[in-house]
Amino acid sequence: MKIKTILFGFLLSCLVFQQAFAQRPNTDDSKFRQLGVELPTPNTYRTASGAPGESYWQQRADYDIKVELDDDKQRIYGKETITYYNNSPHALNYVWIQLDQNVVAPESDTYKTATNKLSERSSMQQLNAMTDYSFDGGHKIDYVRDATGKELAYTINKTMMRVDLPQPLAARTGKLVLQIGWWYNINDRQNPALSADSRGGYEFFPEDGNYLYTITQWFPRMAVYDDYNGWQHKQFLGRGEFTLPFGNYTVAITVPADHVIAATGMLQNPKDVLSAQELRRWEQAKTATKPVVIVTQDEATAKEKTKASSKKTWVYKADNVRDFAFGSSRKFIWDAMGVNIPGSPYATTMAMSYYPKEANPLYGQYSTEAVAHTLRVYSKHTIAYPYPVAISVEAANGMEYPMICFNYGRPEKDGTYSDRIKYGMLSVIFHEVGHNFFPMIVNSDERQWTWMDEGLNSFCQFLAEQEWQRDYPSGSGPARSIVNYMSMDREIQNPIMTNSESIIRFGDNAYGKPATALNILRETVMGRELFDFAFREYSRRWAFKHPTPSDLFRTMEDASGMDLDWFWRGWFYTTDHVDISLEGVTAFRVDSKNPAIEKELAAAEAREKLEKDITYQLNKRDLPTTAVERNAELKDFYNSYNPNAITGSDQRRYQEYLATLNDEEKALLDGSKFFYQLDFTNVGGLVMPIILQFEFTDGTTEIQRIPAEIWRLDNEKVSKVFAFAKPLQRVTLDPYAETADTDTENNQFPRQLAPSRFELFKQQGGGRFGGAARENAMQQQKREEKQSGGGNK
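We now examine the overall build of the chain. On a plain count of helices and strands, the chain comes out with 22 helices and 31 strands. Against the 2.2 N^0.38 benchmark of 28 Å for 793 residues, the chain shows a C-alpha radius of gyration of 35 Å, more extended than a compact globule. Its C-alpha atoms put the chain at 125 × 70 × 55 Å along the principal axes. By the burial criterion, 51% of the 793 residues in the chain qualify as buried. A sequence separation of at least 24 residues applies to 76% of the contacts in the chain between residues at least 6 apart. On the chain, roughly 37900 Å² of surface is accessible, and the fraction owed to carbon and sulfur atoms is 51%.

Right, dumping it as structure tokens:
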């Protein structure tokens, strides 16, 4: 480490600023400029603080639905009465209704706009998924009527239906009653051409000939009319999910008599549909500290074989929800337990799980406990869970609705499972149950901004995972988890602030990157105390309302007292990545003016220079004598002169210099401080705090954290001087990998080579003992343990 000497003097600070601004353009392109143009202008509906304004309004839609599930034809028949309240300041000539099931109609734009390619080796399943759109799962509208039964004119535009009103619906006080009849064919969730777009459907179990239904997006639903979109009637293409108004629901579901229903809301007629024994177990579950099985595996298995021909109607009510979904099957095992949530309007919230025997033992052991854990953790970080139930249904997919979600996580047929399946199941339950908070309560516009629910929810999922188990293998949240994505070519990246249907790498962009950004904001930029308060405030302000991205950004700043525009701009509006390079470390020492010190150091430097002079060293070895050594007459004064000898005049000048200094200035000259200049370059473009670990020659370390504002005058290069009481040995940038730095090889000084891993293997029969073989070996070991009385129970 080269050491430079500091000469005290006066520097004009204006020269520094002139250098910083010398190359600036005539417009502000700083990464710290305010988010003025990017955010909408505040108004009386949405304030500059991020809170709802005094004129904020939103619509309401109540539903009274009667639906029958045909288990023979796999079909839904429904009738609904919608009561729609116009709380807006505008009269409405028509209303828009969502027909999302039309996403699997044969003429769906989702099919028409899907892009795909054939490879030389393609499976029949892949080919069918690309070309077979023959299944007709779209909504079939039988009628649209007003409250008196009079037919209303309507127009279906793909996944949207406009209902024309005979007279405008009055502003502020208008109330509209619609009656709609419809039916549709339930899609096969296992069909690769359908499952990703439809969300719900049925799963057929050929072993016992039964179906498990997850009924979602199943009824014509009111579109949102609000202050920033007007009507949100962007077509449903499969990715941008659902934007819905709140309302109260009464839903009567008719199914085969031996089916068990899991649904949004509270069951209103338990005595009509449950046996006496099931009712007793249900009451027991309310006060139990661990899940109580209400319908056992033996009971569900027995029903699989009989298949009732009669019917039952289950009636549910749900207040202040934005949607309604249900699951139905005779295969369902059902367990439940009560959870006490501080601040909840309910003394006991019921955490419940419904699952076929194929999901045991995993679901019986973990699902309901995971539901309860999610409610506790999310309630702590947002608002107290406000609903009476929360349900996890095992249905081989992952999708969320108010109070109910559908998840995956089945073990092998012999009951064994890998850690990947176990933690995958837990994570998807945390995630989907967590969606009760985002967007079912904090009701953002999923059709426009997927990240506002998926990203925030993935962040909270990470919190729940880490509170479940200290070494939980979280996939999203830690800074390291997003490094690969942010290192990719920018051609395949989008800013987070990209519409849901236009995102290239959907999972990384809408889930992983915003979750990681929020975790970095919490742990590194704001600190937990400020972040947690602001995040809870956002949740409180916008519970049961419709927030936008600007409401989140403004609230986080308003409640924390921090200007975070640089963070939102970099992480959410650009594809810049984090790569800060520690370019160099230069050691400085103060020129003490003491000849006894300075001249000795100069002599040492001269000796060191000769020791490092290769010509001098080789001649010392190879030349017995030089000309001057052989002939003394060639010597003069300079051959014996020692420029580093201390003279009387040196001492006098030193004493005169000391006389001009005060005690504080003299202390700087005593040599007890070690000064180091660190030079940084912002290679990736994303400004971030600089976190440094200093390692000293005595083996001790010190961490220093420098806010991101260090880059405010120069976004590309900065330098900073540090003073220590002991000499420095090494400096490491971002030592805990908390900023998502994409290149850590430039994070240390002196530089260290980063070792790369490689795997040695012995060729065996054309293969190697790798991932699949290891997995098979693990599964075999677990089967053997199970047979011998050990293993997973």
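Evaluated as defined, the whole model comprises 47 salt bridges. Across the pair R162 and D164 runs a salt bridge whose closest N-O atoms are separated by 2.7 Å. For R281, the salt bridge is made with E299, and the minimal N-O distance between the two is 3.0 Å. Here R281 is found in helix α6 (residues 276–287), whereas its partner E299 is found in helix α7 (residues 297–306), with 18 residues between them in sequence. Beyond isolated ion pairs, a larger network of salt bridges with shared partners links D208, E304, K331, K357 and E358.

Looking now at the environment of A61. Tracing the backbone through its elements, the reader meets A61 in strand β2 (residues 60–70). For the pair A61 and G247, spaced 186 residues apart in the sequence, the C-alpha separation amounts to 4.8 Å. With residues near it in sequence (within four places) discarded, A61 still touches I82, T83, Y84, M222, P245, F246, G247 and N248.

Our focus in this paragraph is the confidence of the model for the chain. Of the residues in the chain, 91% reach a pLDDT of 70 or more, and the chain-wide mean stands at 90. Considering only residues more than four positions removed or in separate chains, one finds that residues 8–22, a stretch of pLDDT under 50, has seven contacts. Within the model, the stretch residues 785–793 combines pLDDT values under 50 with eleven contacts to residues more than four positions away or in other chains.

In this section: the nonpolar core. The biggest cluster of nonpolar side chains holds 192 residues, and the ones touching the most others in it are W218, F326, F567 and W571. Top contributing element to this core by residue count: helix α8 (residues 362–381), with nine residues. Those residues in contact with W218, other than ones at most four positions away along the chain, are I65, V67, H139, W182, Y184, V251, F324, A325 and F326. Within the second largest apolar cluster, six residues are counted, among which are Y654, L658, L669 and F675.

If you trace the backbone, V339 turns up in strand β20 (residues 333–339). The spatial distance from the C-alpha of V339 to the C-alpha of Q651 is 82 Å, given a sequence separation of 312 residues. Apart from residues no more than four positions distant in its own chain, V339 is found in contact with A347, T348, T349, A351, A372 and R376.

Turning our eyes to something else, we now look at the packing of helix α14 (residues 549–560) against helix α15 (residues 565–572). Closest axis-to-axis distance for the α14/α15 pair is 10 Å, and the angle between their directions is 145°. Remark: the crossing between α14 and α15 carries right-handed chirality. Residues F553, M556 and E557 of α14 touch α15, and the partners they reach there are D565, W568 and F572. Residues belonging to the contact of α14 with α15 are distributed by class as follows: four nonpolar, no polar and two charged.

The pairing of strands in a sheet happens through backbone hydrogen bonds and is either parallel or antiparallel. Spatially, four strands are ordered β9-β10-β19-β15 in an open sheet, and the strand pairing comes out antiparallel. At either margin of the open sheet sits one strand with a lone partner, and together these are β9 (201–205) and β15 (260–263). Strand-to-strand, the axes of this sheet are offset by a mean angle of 10°, without reference to chain direction. Where strand β10 (residues 210–215) and strand β19 (residues 326–329) come together, three bridges link them in antiparallel fashion. By the bridge assignment for β19, Y213 is matched with S328.

Across the chain, the bulk of peptide bonds are trans and the bulk of non-glycine residues have phi less than zero. Residue P361 is reached from N360 by a cis peptide bond, and omega for that bond is 10°. Position of P361 among the secondary structure elements: in the loop between β21 (349–355) and α8. Of note, the amide linkage connecting F749 to P750 takes the cis form, showing an omega dihedral of -5°. Its identity as a non-glycine residue notwithstanding, Q74 has a phi of 50°, on the positive side. Here Q74 shows up in the loop between β2 and β3 (75–86).

The next subject is the pairing of strand β26 (residues 674–682). In this structure, strand β25 (residues 580–590) lies alongside β26, joined through eight bridges in antiparallel fashion. Of the residues in β26, the one forming a bridge with L582 is F680. Where β26 and strand β29 (residues 717–724) come together, eight bridges link them in antiparallel fashion. Across the sheet, residue L678 finds its bridge partner in β29, namely K720.

Take the environment of E523 next. Looking at where E523 falls in the secondary structure, it is placed in helix α12 (residues 506–526). On the basis of relative accessibility, which here comes to 33%, the residue E523 falls in the partly exposed class. Spatially, the C-alpha atom of E523 lies 43 Å from that of S328, the residues being 195 residues apart in sequence.

All of the buried residues along α6 are E278, R281, W282 and A285. The buried residues of α6 occupy an angular sector of 105° when projected down its axis, which confines them to one face. Every exposed residue of α6 that faces more than 90 degrees away from the buried side is listed here: A276, R280 and T287. As for α6, its buried residues are in contact with α5 (270–273), β17 (292–295), α7, β20 and β21.

Bringing the packing of helix α10 (residues 451–468) against α14 into the picture now. At a minimum axis distance of 11 Å, the contact between α10 and α14 shows a crossing angle of 40°. In terms of their interaxial angle, α10 and α14 are classed as oblique. Where α10 abuts α14, its residues W451, M452 and L456 lie against P549, L552 and F553. Here the residues of the contact of α10 with α14 sort into six nonpolar, no polar and no charged.

Once that is clear, we can look at the packing of aromatic side chains. All chains considered together, the criterion is met by 54 aromatic pairs. Between Y63 and Y249, the aromatic rings sit 4.6 Å apart at their centres with planes inclined by 15°, giving stacked as the arrangement. One end of the pair, Y63, is in strand β2; the other, Y249, is in strand β14 (residues 247–256), and 186 residues separate them in sequence. We note that Y63, like Y249, is buried. Relative to Y211, the ring of F204 has its centre 4.8 Å away and its plane inclined at 45°; by these criteria the two rings are tilted. Ring pairing ties together the aromatic residues F32, W451, F553, W566, F567, W568, W571, F572 and Y573, which thus form one cluster. Over the ring of Y85 we find R60; its NZ or CZ atom is 4.5 Å from the centre of that ring.

On to the state of the cysteines, then. In total, this model carries zero disulfides according to the counting rule given. The thiol of C460 is unpaired, and the distance to the nearest cysteine sulfur, on C405, comes to 15 Å.

Criteria and thresholds
- Residues numbered from 1 in each chain as written.
- Predicted model: local features only at pLDDT ≥ 70, side-chain atom pairs only at ≥ 80, totals over all residues.
- Heavy atoms only, no water.
- Helix = DSSP H or I, 4+ residues; strand = E, 2+ residues; numbered from the N terminus.
- Rg over C-alpha atoms; globule rule 2.2 N^0.38 Å.
- Buried < 20%, exposed > 50% of the residue type's maximum accessible area, 1.4 Å probe, protein only.
- Contact = heavy atoms within 4.5 Å.
- Areas by Shrake-Rupley, 256 points an atom, 1.4 Å probe, with all protein chains shown as cover.
- Salt bridge = Lys/Arg side-chain N within 4 Å of Asp/Glu carboxyl O.
- pLDDT = per-residue confidence, 0-100.
- Core = buried A, V, L, I, M, F, W, Y, C linked by side-chain atoms within 4.5 Å.
- Axes fitted to C-alpha atoms, helices over the stretch in contact; angles between N-to-C directions.
- Left-handed = near helix turned anticlockwise from the far one by under 90°.
- Nonpolar A, V, L, I, M, F, W, Y, C, P; charged D, E, K, R; others polar.
- Pairing = 2+ DSSP bridges.
- Arc of directions from axis to C-beta.
- Parallel < 35°, antiparallel > 145°, perpendicular 65-115°, else oblique.
- Phe/Tyr/Trp six-rings, centres within 6.5 Å; stacked < 30°, edge-to-face > 60°.
- Lys NZ or Arg CZ within 6 Å of the ring centre and 35° of its normal.
- Disulfide = S-S within 2.5 Å.

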